Amino acid sequence: MADASPAGAEAVAEGPPTALSAAPGYQVRRLYQAYVAAWVRLVDPALTGPQFAVLTAVGAAPGRDQSSMASAVALDTSTMADVARRLEGRGLLVRRTAPDDGRRKLLSLTEAGEEALAEADRRARLLDERLLEPYGPGERTALLAELMALADHWEGLTGSI
C-alpha cells in the first residue's frame, strides 16, 4: 500500500527542517521556551523573568529611578512601567515620586518584595545549576561569556537594522 503522507512529512515529524535547525534565532527560541517552562515549574509560576530581573536590580540598587532600572534590566520604559505597576500592585515594590522631578519614579522593595526576591533567587540559582549541569566551572564561565557577547552583538544590531 502506498504511503499517503505528503512529501517531506517524515522529515518534519523527525525534527525541524535543516533551514530551521541551522538558524540561531530558532535555537534561541527553543532555549527560551524550555527556560520559561523550567522557570514556571521550579522557580515561581507567578513571577515572570522580567519581574524577577526588576526585583533583583531594585534590590541591588534601591532608590534608583525607574528609567535607569529599565536600562539595567534590558526593558523599554513602557514595559518597565507596566512591570513596576504590577509588582507594586502585588505589594512587592514601592514607587515614590522623586522630590526633584515629579515625573521620575524611585523604586524600592517592600519587606514582602525582599522575601519574595530571596526565595525566587534561591530557586533560580538551583535552576541555573540544573541548566548548566553538563558544563564544568571553566566551561560555564566561557559559555556565559559567549552568551553575553552574543546578546551584546544582537542588541547592537537592532539599531542598525
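Our subject in this report is the structure included herewith. What you are looking at is a predicted structure, and each value in this text was computed from that prediction instead of being measured.

## Structural notes on the overall build of the protein
Part 1: Per the secondary structure count, the protein includes eight helices and two strands.
Part 2: Its helices and strands taken in sequence order, the protein reads α-α-α-α-α-α-β-β-α-α from the N to the C terminus.
Part 3: In terms of overall size, the protein is more extended than a compact globule, its C-alpha atoms giving a radius of gyration of 21 Å where 161 residues would be expected to give roughly 15 Å.
Part 4: Taking the principal axes of its C-alpha atoms as reference, the protein extends roughly 80 × 35 × 35 Å.
Part 5: At a minimum sequence separation of 6, the contacts of the protein that also span at least 24 residues come to 47%.
Part 6: Of the roughly 10,800 Å² that the protein leaves accessible, carbon and sulfur atoms contribute 59%.

## Details of the pattern of salt bridges
Part 1: Applying the stated rule across the entire model yields ten salt bridges.
Part 2: Between Asp 65 and Arg 104 there is a salt bridge whose closest N-O contact spans 3.9 Å. Here Asp 65, found in the loop between helix 4 (49-60) and helix 5 (66-72), pairs with Arg 104, found in strand 2 (residues 101-109); they are 39 residues apart in sequence, far enough to count as distant.
Part 3: The partner of Asp 82 in a salt bridge is Arg 86, and the shortest N-O contact between them spans 3.0 Å. With Asp 82 and Arg 86 both in helix 6 (residues 77-89) and four residues apart, this pair spans about one turn of that helix.
Part 4: Residue Asp 82 is classed as partly exposed on the basis of its relative accessible area of 30%.
Part 5: Under the relative-accessibility criterion, Arg 86 is labelled partly exposed at 49%.
Part 6: Connected through salt bridges with shared partners, the residues Asp 65, Asp 100 and Arg 104 form a single ionic network.

## Observations regarding the pairing of strand 1 (residues 93-98)
Taken residue by residue, a regular strand's side chains alternate between the two faces of the sheet.
Part 1: In this sheet, strand 2 lies alongside strand 1 in antiparallel orientation, the contact comprising six bridges. Paired with Arg 96 across the strands is Leu 106, a residue of strand 2.
Part 2: Between strand 1 and strand 2, which follow one another and run antiparallel, lie two residues.

## With respect to unusual backbone geometry
Part 1: Not every positive phi belongs to a glycine, and Ala 74 is a case in point at roughly 60°.
Part 2: The topology assignment puts Ala 74 in the loop between helix 5 and helix 6.
Part 3: For Ala 74, a relative accessible area of 56% translates into the label exposed.

## With respect to a nonpolar patch on the surface
Part 1: On the surface, Tyr 32, Tyr 35, Val 36, Val 40 and Leu 131 cluster together to form a nonpolar patch covering roughly 420 Å² of accessible area.
Part 2: Of the residues forming the nonpolar patch, the biggest block, four residues, is contributed by helix 3 (residues 24-42).
Part 3: Relative to the elements of secondary structure, Tyr 32 occurs in helix 3.

## Concerning the packing of aromatic side chains
Part 1: Under the criterion given, the structure shown has two aromatic pairs.
Part 2: Between Tyr 35 and Trp 39, the aromatic rings sit 6.1 Å apart at their centres with planes inclined by 40°, giving tilted as the arrangement. Of this pair, Tyr 35 and Trp 39 both sit in helix 3, separated by four residues, roughly a single helical turn.
Part 3: Among the residues examined, Trp 39 registers a relative accessible area of 5% and is labelled buried.
Part 4: One aromatic cluster is present, formed by Tyr 35, Trp 39 and Phe 52 through successive ring pairs.

Reading guide: rules and limits
Residues numbered from 1 in each chain as written. Predicted model: local features only at pLDDT ≥ 70, side-chain atom pairs only at ≥ 80, totals over all residues. Heavy atoms only, no water. Helix = DSSP H or I, 4+ residues; strand = E, 2+ residues; numbered from the N terminus. Rg over C-alpha atoms; globule rule 2.2 N^0.38 Å. Contact = heavy atoms within 4.5 Å. Areas by Shrake-Rupley, 256 points an atom, 1.4 Å probe, with all protein chains shown as cover. Salt bridge = Lys/Arg side-chain N within 4 Å of Asp/Glu carboxyl O. Buried < 20%, exposed > 50% of the residue type's maximum accessible area, 1.4 Å probe, protein only. Pairing = 2+ DSSP bridges. Patch = residues over 30% accessible without salt bridge, like charges linked within 9 Å, V, L, I, M, F, W, Y side chains within 5 Å. Phe/Tyr/Trp six-rings, centres within 6.5 Å; stacked < 30°, edge-to-face > 60°.

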